[in-house]
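Coordinate inspection notes
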Amino acid sequence: MIRLLLLPMLAWAALLPLAAQVPLPEHPRPDHWRAAWVNLNGPWQFEADPSDAGLQAGWMRGRRTFSRRIQVPFSWAAPLSGIQDTCAIAWYARELRIPASWTGGRIVLVIGASDWRTDAWLDGKPLGRHEGGYTPFEFDLTDLARPGAAHQLVIRADDADRGFKLEGKQGYGNARGIWQTPYLELRGNVYIKTLHFSPDVERQQLRVQAQFSAPAPARAELALHIPQRGLIHHHALAAGASSADFILPFPDARLWSLDDPHLYEVQAVLSGTGRPDTLNSYFGMRSISAVDLPGTSHRYVALNGEPVYLQLALDQSYHPEGFYTFPSDEFMRDEILRARQIGLNGIRTHVKADLPRKLYWADRLGILVMADVPNSWGEPDAQMRKETEYAMRQMMARDFNHPSIFAWIVFNETWGLFTRQPDAQGKPQQIYLPETQQWVASMYRLAKSLDPTRLVEDNSVCCGIGHTETDLNTWHSYLPGWEWRRTLDEISGQTRPGSAWNFEAGYRQQRQPNLNSEFGNVWGYEGSTGDVDWTWDYHRALNEFRRHPAVAGWLYTEHHDVINEWNGYWRFDRSEKITGLEELFPGMSLRDLHAPFYLSTGQELCRTVQAGETADVPLSVSWMSGRTDLGDSLWLEAEWGGWNSLGQAESYGTSRRALPYQPWLHADLPPLTLRMPDHPALGLLKLRVVTAAGTVLHRNFCAFEIAGPAPEQIVLPGGGTAQAVRFSPASCIRSQWSLKQWNVLDSLKVNGAGHGFFEYEVSLPPALRQADLKGAVLIFEASAKQLLGKDREGAAGMGGDYMRGQGTFDPGRNPNAYPMTDGDRFPSAVTVTFGGLPAGRYELPDDPADHRGILSWHAQPQDRKLREAGSYGYRIEAQVPAAALQAAQAQGMLRIRLAVDEALPGGLALYGSRFGRYPMNPVLLFLRD
């Protein structure tokens, strides 16, 4: 009988005295680790082999010294490797010293991942070859290595292009060679190869499946210790057994959920085989299924039998310096925390098998994961099919115990599934052949047989290609915000058993959840919107998704920017993008747009209405929650206000009314009627959903462009009056800019880049020429103006294949790009003079775009092209010098110059009353008693 000694989940960290000296010192697989292990990350010798001469020259023999040093486990193409070589073949070498205490048992070298063909030698003797780029493989060193002695390990990695290889999006940064932690491990004489746990929540039991490295002798046993349950189970093995498969009763389990991601730690000991083998792992008790949304026939993905409204991000899982490999465990943890921080409940790791430690953090912190099998960019020939099946089997075997994974996706957008054939005119075309579709369906069935505990999707479909056999009816769509209502209406109407919508010929919908698995506006407009303000259209889309409960969730593209896709929640370096929500509505953030309790006003976030009229605001509720502690009603608190034609904040009133509540309710409500102010303005209706106790569950808003003649006579708050004289930003009489000058949308906004000026002549009404004036002030909205690549003369198009990392890498050359408001400022300053007399120099911190540019978004034509959408400026008040005012009264005209000095050539953008943040043209206020 072997006495079990449980090591804590992170105990291996204490076994690494040199941990701080190597990158990623943690054990790479918290779900599959042994106490006796040595991390091999750190500096290795390295030699590029661009002419593939090393094999013939015998680089694997002798005490080879290579000329360069590489930091393992970073791909030699990635900056963190210290190499950044573009070669396709390279060699590694290092001294390997087996701990002297490692006597008995098997000594194994494990490589977490190496792309693509990897050969290894120990002291010149071959260890073997592995082909595949994403999953762990190993070499047994037992017969060649002597504990306590020094050996030389040599590895050759060949990542030359092959059409059948599963590249994924490695055009965004190649994972060449070793890109996951290599390590040494001491195992038992017969050891556990795989240990899988299949929870059965309904039957309150746990299925345990193990595979062994060799047949077990008589009287061998597999013992499991689950300390949180106080459970030690001994399973006797039949003589010659090479696997075990048994059921453990598991009543009253603490379930793994998003709110309580509880993990059960396990220590498994295979004994009676010589040196025992002790493997540490974990699992979560949870179930994945599909259920009806209560009160409807809409199918939803369910966790532990309860529907989950999926709100996911596409996760390219790239790092700018490490590519496929993250620089630290903390960074991987923070990737998961970022998703939770904004209220998402899942990610989809895109065409990449993610690092097990990142999946561990998803398990531990409570995030759902859709896992993609990487794709090839060739054709579905026999080699590609073999490679895909191998990768899928190995991914599923490696990641089986991660409770966060709820779905496997075998293919994405039919990449690698097209066969090139000539059409009737002999021109080549790409065809998704029926026999390929049949193979895809067979891969779905294979995945289900390998893992019946999760959902499997045949192909995450796009561009007119449909499903075959699948557990999820998913679809991709990249649309402008104004198209989502029509699209979701159509999709909702075609979601029913027997429908052919979204399926290939010969296949039909059954009762799969209908799920968006990629959406955004980055490809929804002409070219790409790049890092234009994506938040406004995102807001419009989510308002519509929440009005369509037949769609069981969505997946936004994407978690973070990468290379030449600038549509993430975060930038590539994970710096934050400011949405402007908090500034418009204190307390509001992206979490409100992802809240389980949601009040939608529809896709039109801004409407044009006339001053003084009434307008109805449509309301619908979406309670994606089964909570029963909220009574039968929630409360809607409304705050109605805005900004007038001077850019001054105004309040128009507040109200409060009851909202019906019951779990999972989706309903349209009577509209909210608003009275518009009797003057032009930009109105903002702020809405809060609160509990009876006053807890805010959700915030949302909508806006109104309130049209009408701007008043000429202004009553001042402190007494007195003023006469307003307004002029268009495009009415300048002279201008000159060092880089470029241009107007936006029929002169709703004017831009000058570099240094230069705009000059205006404003005529004074006759009554003002003789008036007793106390002073005058100019009020206008302005920002800096960066000259982006797209706006330069002769700017080239995007070019290249995005999916292979081609095209421009300059966000400013995207046809519709505009810098988001964030830490990457572009400052300028405008000097205001009146009649040649200086009035002041005013800082312009940035050239911003976010939710605050309400009018810039509202002015966009619905033609799938954006013109600086979401851009806005800063409200500036410049006092007219007394001498300039006197001269203007005498001359009947005031000359105004707005200039940017060549010392800070940050440009100048001027906004009119229908563009930017404030509903105002530049205005002169002449103050009177």
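Refer to the structure presented above.
Residues numbered from 1 in each chain as written. Predicted model: local features only at pLDDT ≥ 70, side-chain atom pairs only at ≥ 80, totals over all residues. Heavy atoms only, no water.

1. Quick word on the overall build of the chain
Along its length, the chain carries twelve helices and 51 strands. In the form shown here, the chain has an accessible surface area of approximately 33600 Å², with 49% of it arising from carbon and sulfur atoms. Taken together, the 90 basic and 103 acidic charged side chains of the chain have centroids lying 3 Å from each other. (Helix = DSSP H or I, 4+ residues; strand = E, 2+ residues; numbered from the N terminus. Areas by Shrake-Rupley, 256 points an atom, 1.4 Å probe, with all protein chains shown as cover. Lys, Arg positive; Asp, Glu negative; His and termini not counted. Charge placed at Lys NZ, Arg CZ, Asp CG, Glu CD.)

2. Considering the environment of Pro766
Its place among the elements puts Pro766 in helix H10 (residues 766-769). When the C-alpha atoms of Pro766 and Ala223 are compared, they prove to be 99 Å apart, with 543 residues separating the residues in sequence.

3. Brief notes about unusual backbone geometry
For the bond running from Val72 to Pro73, omega is 20°, close enough to zero to count as cis. Within the element layout of this structure, Pro73 appears in the loop between strand E3 (68-72) and strand E4 (89-97). Here the residue pair Asp115 and Trp116 is connected by a cis peptide bond, since its omega of 10° sits within 30 degrees of zero. Along the chain, Trp116 falls in the loop between strand E5 (106-115) and strand E6 (117-122). For Phe323, which is not glycine, the phi dihedral falls at a positive 60°. Within the fold, Phe323 resides in the loop between strand E21 (310-315) and helix H2 (329-341). Positive phi values are uncommon outside glycine, yet Ile563 reaches one of about 55°. Following the sequence through the fold, Ile563 ends up in the loop between strand E30 (553-556) and helix H8 (581-584).

4. Re the nonpolar core
Phe406, Tyr538, Phe545, Trp554 and Tyr569 are the most contacted members of the largest nonpolar core, which totals 147 residues. Judged by nonpolar contacts, the second largest core, of 35 residues, contains Phe780, Phe834, Tyr842 and Leu908. (Core = buried A, V, L, I, M, F, W, Y, C linked by side-chain atoms within 4.5 Å. Buried < 20%, exposed > 50% of the residue type's maximum accessible area, 1.4 Å probe, protein only.)

5. Some details on helix H6 (residues 484-493)
Among all positions of H6, only Trp484, Thr487, Leu488 and Ile491 are buried. Along the long axis of H6, the arc covered by the buried residues comes to 90°, so they all point the same way. The inward-facing, buried residues of H6 contact strand E28 (473-478), strand E29 (514-520) and helix H7 (535-545). (Arc of directions from axis to C-beta. Contact = heavy atoms within 4.5 Å.)

6. Re helix H12 (residues 882-891)
Taken residue by residue, H12 has Ala884, Leu885, Ala888 and Gln889 as its buried positions. For H12, the buried positions fall inside an angular range of 135° around the axis, keeping them on one side. Exposed side chains of H12 directed beyond 90 degrees from the buried face belong to Ala882, Gln886, Ala890 and Gln891. Here the buried face of H12 lies against H10, strand E45 (773-783), strand E46 (828-834), strand E47 (837-844), strand E49 (893-900) and strand E51 (923-928).

7. Quick look at the side chain of Arg574
Of note, Arg574 is situated in the loop between E30 and H8. Of the polar contacts made by the side chain of Arg574, one reaches the side chain of Glu335; its length is 2.8 Å. (Polar contact = N/O pair within 3.5 Å; in protein donor to acceptor, adjacent residues only side chain to side chain.)

8. With respect to the packing of helix H4 (residues 382-399) against helix H5 (residues 434-450)
Axis separation between H4 and H5 bottoms out at 11 Å; the angle between their running directions is 20°. Comparing their axes, H5 and H4 come out roughly parallel. Seen along the crossing, H4 lies across H5 with a hand that is right-handed. Judged by residue contacts, Met384, Arg385, Thr388, Glu389, Met392, Arg393 and Met396 of H4 engage Glu435, Thr436, Trp439, Met443, Leu446, Ala447 and Leu450 from H5. (Axes fitted to C-alpha atoms, helices over the stretch in contact; angles between N-to-C directions. Parallel < 35°, antiparallel > 145°, perpendicular 65-115°, else oblique. Left-handed = near helix turned anticlockwise from the far one by under 90°.)

9. A look at the packing of aromatic side chains
Scanning the model with the defined rule gives 48 aromatic pairs in all. With 5.1 Å between their ring centres and 55° between their planes, Trp737 and Phe758 make a pair best called tilted. In this pair, Trp737 sits in strand E41 (residues 734-737) while Phe758 sits in strand E44 (residues 756-763), placing the two residues 21 residues apart along the sequence. Accessibility assignment for this pair places Trp737 and Phe758 in one class, buried. Connected via pairs of aromatic rings, a cluster forms that spans Trp475, Trp484, Phe519, Trp534, Tyr538, Phe545, Trp554, Tyr556, Tyr569 and Trp570. (Phe/Tyr/Trp six-rings, centres within 6.5 Å; stacked < 30°, edge-to-face > 60°.)

10. A few points about the pairing of strand E12 (residues 205-212)
Covered by surrounding structure in E12 are Leu206, Val208, Ala210 and Phe212 only, the residues Gln205, Arg207, Gln209 and Gln211 on the alternate face being uncovered. With eight bridges connecting them, strand E11 (residues 192-200) and E12 associate as antiparallel partners. Its bridge partner lying in E12, Leu195 is registered against Ala210. Counting the residues that bridge the hairpin from E11 to E12 gives four residues, and of these Gln204 lies at a positive phi of roughly 55°. Across seven bridges, E12 lies against strand E15 (residues 243-249) in antiparallel orientation. Opposite Gln209, over in E15, you have Asp245 as the bridge partner. (Pairing = 2+ DSSP bridges.)

11. So, the sheet that holds strand E20 (residues 306-307)
If you walk across this open sheet you meet the three strands as E18-E19-E20, and the pairing is antiparallel. Two strands in the sheet have a free side with no partner beyond their single neighbour: strand E18 (288-292) and E20. Two strands pair when backbone bridges link them, and E18 and strand E19 (residues 299-303) are joined in this way by five bridges, in the antiparallel orientation. By the bridge assignment, Asp292 is partnered in E19 with Arg299.

12. A closer look at the pattern of salt bridges
Summed over all chains, the structure comprises 63 salt bridges. A salt bridge links Glu483 to Arg864; the shortest N-O distance between them is 2.7 Å. Of this pair, Glu483 sits in the loop between E28 and H6 while Arg864 is found in the loop between helix H11 (854-858) and strand E48 (874-879), placing the two residues 381 residues apart along the sequence. A relative accessible area of 8% means that Glu483 is categorised as buried. The class of Arg864 is partly exposed, set by a relative accessible area of 32%. The shortest N-O distance in the salt bridge between Glu759 and Arg895 comes to 3.4 Å. With Glu759 in strand E44 and Arg895 in strand E49, this pair connects stretches of sequence that are 136 residues apart. When salt bridges with common partners are traced through the structure, they connect Arg34, Glu138, Glu185, Arg187 and Asp277 into a single cluster. (Salt bridge = Lys/Arg side-chain N within 4 Å of Asp/Glu carboxyl O.)

13. Focus: the side chain of Gln45
For Gln45, the location among the structural elements is in strand E2 (residues 42-48). Of note is the side chain of Gln45, whose polar atom sits 2.7 Å from the backbone nitrogen of Phe66. Setting aside its immediate chain neighbours within four residues, Gln45 contacts Arg64, Thr65, Phe66, Arg68, Arg69, Ile70, Trp91, Tyr92 and Ala93.

14. Details of the sheet that holds strand E8 (residues 137-140)
Taken together, the four strands give an open sheet; going across it, the order is E1-E10-E5-E8, and neighbouring strands pair in antiparallel fashion. Lying at the two open borders of the sheet, with one neighbouring strand each, are strand E1 (37-39) and E8. Sheet twist, expressed as the mean angle between neighbouring strand axes with direction ignored, is 25°. Pairing between E5 and E8: four bridges, direction antiparallel. Paired with Val108 across the bridge in E8 is Asp140.

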